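Topology and contacts: notes
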Amino acid sequence: MVRTLGLTQLTMIGIGAIIGAGIFSLAAAVARDVAGPAVLVSFLVAGAASLCAAFAYAEFAGMVPKAGSSYTYCAAVLGEIVGWIVGWDLLLEYTAIVAVVAIGMSGYLGFLLAAVGIHLPAWALGAPGTGAGHRVDLLAVAICLGVAWLLTRGTRTSARVETVLTVVKIAIVLLVIVVGFTKVKTGNLHPFAPFGLGGAFTGAATVFFAVFGYDALSTAAEESLEARRKLPKAMMLSLAVSMVLYVLVCVVLTGMQHYTEINPESGISSAFRSVGMGGLANVIAVGAVIAIVTVTFSFMMAAARLWYALSRDGLMPAWFGAIHPRRKVPHRATWLIGGVSAVLAGLLPINAVAELTNIGVLLAFVVVSASVLVLRYRKPDLRRGFRCPGMPVVPVLGMVFSVWLMSFLQWQTWVRLGGWLVVGLALYATYGYRRTRRVMPGGSVDLDALNEMPDSDDAPHSGDSPPVAAG
């Protein structure tokens, strides 16, 4: 692959991954049904847990300028089988996230289309069981396939589109905050925690997937300029900007409307319409659609790069990780992920997919936090572009926070995760273990060679030959 992404583009990819369905759809649903105005606390708790893990990810990104994110980090420190479990887990989670945010788009697109007099047939409005006559969420399917097409055009082109859309998204969120604060009524914020603090904590487990886009960002290491230095900065910047915007929007949303009256499908637009600002509500709906497209872009990109890394290391067939000879992107993996996410988005309700996403990512956070703690003491002299502060307290807090949030998820979600991991272990035993012995006998990352691994101007550029897929 080709290194073309600078700090601005990396930060925009991170913000693009974080701000999306969480701020435009999920916040409204959690406020109405789970937390009330204390949805603000939900995001703060989720953000604190996410920050602890972000420090661990940033330290690894400053050491290992390779695609694969959590899979690569954990395989390097805790061994190949642990890395495979995390990689197999995240392959499902990233694909599911694409589906979740595409489903979240439907409420705002329906709001927008209705405003201009366009009404889709009932069969195209949602997954089976989500409404009368619903058969498929057609708009969500179209978004998944459209983003897959964009990502196969090449990293430079797709990153430019992502940057422009993210700037537009941030501008609309700022408009929501500035105008919305003029319509806030303090009476709507009482009672602040109608479901108790337990409701706020349950809300934190639900909204968690909305505050960890830096994980997707770390999969772009082999397409980043000066990856060791710029990836950690982009992670911190994207999380900081996103959390400030989340907190302010939560105050606006629950301050403009009483939590019992919030529309869970198009919460912010409906809130503005309720105060007589229908024109601005339509603009916000456009912003919500743009926001969801950028999240879909970031996580589909992450899933494809993860699949590329797994295939290159021999854990999955090399065919999946093939790089396009001209555009230098893993085109087969991208189209497959686009197709699978389109099926999930078209046929499944959002809640089931969102919880499956959260438990997988939280599991990865536990393992990554443990890995950075182990490596700090095992290899203290490794070159690090960023050092996790507060060792060993911060990584331990990251593990504790993640396990605690996992405890709030339903037992069915644990069963689904367990079933997926059993399938992954069977695949590893029958294919991956033997194949990776032939492809990369030393493992995916040689810790002793990290200090010499290129990550900037001495790395391959567009005129050089791309890496050859394993096998």
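Position labels on residues start from 1 in each chain and follow its written sequence. Per-residue local features of the predicted model are confined to residues with pLDDT of at least 70, and side-chain atom pairs are confined, for both listing and counting, to 80 or more; whole-chain, interface and lining totals are unaffected and use all residues. Excluding hydrogens and water, the side-chain figures rest on all heavy atoms present in the structure.

**Remarks on the pattern of salt bridges**
Only one rule defines a salt bridge in this text: a Lys or Arg side-chain nitrogen within 4 Å of an Asp or Glu carboxyl oxygen. Taken as a whole, this structure holds six salt bridges when the rule is applied. Glu-226 is the salt-bridge partner of Arg-229, the closest N and O atoms lying 3.0 Å from each other. Relative accessibility thresholds used throughout: buried, under 20% of the residue-type maximum; exposed, over 50%; partly exposed, between the two (1.4 Å probe, protein chains only). Under the relative-accessibility criterion, Arg-229 is labelled partly exposed at 40%.

**With respect to helix H3 (residues 39-61)**
In this text, helices come from DSSP runs of H or I with a minimum length of four residues, and strands from runs of E with a minimum of two, each type numbered from the N-terminal end. How far a helix is expected to stretch is found by multiplying one less than its residue total by 1.5 Å. In a regular helix each residue adds 1.5 Å, so 23 residues correspond to 33 Å; H3 covers 31 Å between its end C-alpha atoms and thus fits that length. Within H3, 19 of the 23 residues are buried, which leaves the element mostly enclosed by the surrounding structure.

**As for the packing of aromatic side chains**
Aromatic pairs are defined between Phe, Tyr and Trp rings, using the six-membered ring for Trp, whenever the two ring centres lie within 6.5 Å; interplanar angles under 30 degrees are classed as stacked, those over 60 as edge-to-face, and all others as tilted. Summed over the entire model, instances satisfying the criterion amount to 13 aromatic pairs. Ring geometry for Tyr-57 and Phe-365: centres 5.5 Å apart, planes at 65°, overall edge-to-face. Here Phe-365 lies in helix H14 (residues 350-378) and Tyr-57 lies in helix H3, a separation of 308 residues in the sequence. Phe-365 matches Tyr-57 in its accessibility class, with the two residues each being buried. Aromatic pair Trp-88 and Trp-420: ring centres 4.3 Å apart, planes at 5°, arrangement stacked. Of this pair, Trp-88 sits in helix H5 (residues 80-115) while Trp-420 sits in helix H16 (residues 411-439), and the two are 332 residues apart along the sequence. Take Trp-88: its relative accessible area is 8%, and that puts it in the buried class. With a relative accessible area of 25%, Trp-420 lands in the partly exposed category. One aromatic cluster is present, formed by Trp-84, Trp-88, Trp-420, Tyr-428 and Tyr-433 through successive ring pairs.

**Looking at the environment of Leu-409**
Take Leu-409: it is sitting in the loop between helix H15 (393-406) and H16. Separated by 50 residues in the primary sequence, Leu-409 and Ile-359 have C-alpha atoms spaced 7.6 Å apart.

**Remarks on the packing of H3 against helix H4 (residues 70-78)**
Every angle, taken between N-to-C directions, lies between 0 and 180 degrees, and every axis is a line fitted to C-alpha atoms, over only the stretch in contact when it is a helix. Between H3 and H4, the shortest axis-to-axis distance is 11 Å and the interhelical angle comes to 75°. With respect to each other, H3 and H4 are oriented roughly perpendicular. Across from Tyr-57, Phe-60 and Ala-61 in H3, the residues of H4 making contact are Ser-70, Tyr-73 and Val-77. In what follows, roughly perpendicular refers to angles from 65 to 115 degrees, roughly parallel to angles under 35, roughly antiparallel to angles over 145, and oblique to any angle outside these ranges. Here a residue-residue contact requires only that any non-hydrogen atoms of the pair lie within 4.5 Å.

**Structural notes on unusual backbone geometry**
A cis amide bond links His-190 to the next residue, Pro-191, at an omega of -5°. Counting through the fold element by element, Pro-191 comes out in the loop between helix H7 (155-180) and helix H8 (196-207). Put simply, Met-391 and Pro-392 share a cis peptide bond, and its omega is -5°. Within the secondary structure layout, Pro-392 lies in the loop between H14 and H15.

**Observations regarding the confidence of the model for the protein**
The pLDDT value expresses, per residue, how confident the predictor is, ranging between 0 and 100. Of the residues in the protein, 90% reach a pLDDT of 70 or more, and the chain-wide mean stands at 82. Per-residue pLDDT stays below 50 along residues 456-471; that stretch engages in 27 contacts with residues further than four places along the chain or on separate chains.

**Some details on empty space enclosed by the protein**
Using a grid of 1 Å spacing that covers the protein atoms alone, one calls a set of points a cavity when a 1.4 Å probe fits there but cannot get out, and a pocket when the set is open and has protein on both sides within 12 Å along at least five of seven lines; lining residues are those with an atom within 4 Å of a point. Grid points are joined across faces, edges and corners, and a volume is the space filled by probe spheres set on the points. Counted under the stated rule, the structure contains two cavities of 30 Å³ or more. Of the volumes computed, that of the second largest cavity is approximately 30 Å³. Ile-13, Ala-216, Leu-217, Thr-219, Ala-220, Ser-298 and Met-301 together form the lining of the second largest cavity. Note that Gly is not counted as nonpolar here; it falls among the polar residues with everything else outside the nonpolar set of Ala, Val, Leu, Ile, Met, Phe, Trp, Tyr, Cys and Pro and the charged set of Asp, Glu, Lys and Arg. Among the residues forming the lining of the second largest cavity, the class breakdown is five nonpolar, two polar and no charged.

**Let's talk about the packing of helix H1 (residues 7-18) against helix H10 (residues 227-256)**
Orientation of H1 relative to H10, taken along the N-to-C sense of each, is 40°, at an axis distance of 8 Å. In this view, H1 runs oblique relative to H10, as classed from their interaxial angle. Of the two possible hands of crossing, H1 and H10 adopt the one that is right-handed. Facing Leu-7, Leu-10, Thr-11, Gly-14, Ile-15 and Ile-18 of H1, the residues of H10 in contact are Lys-230, Leu-231, Lys-233, Ala-234, Leu-237, Ser-238, Leu-239, Val-241, Ser-242 and Tyr-246. Crossing handedness follows the turn of the near helix against the far one: under a right angle anticlockwise gives a left-handed crossing, and clockwise gives a right-handed one.

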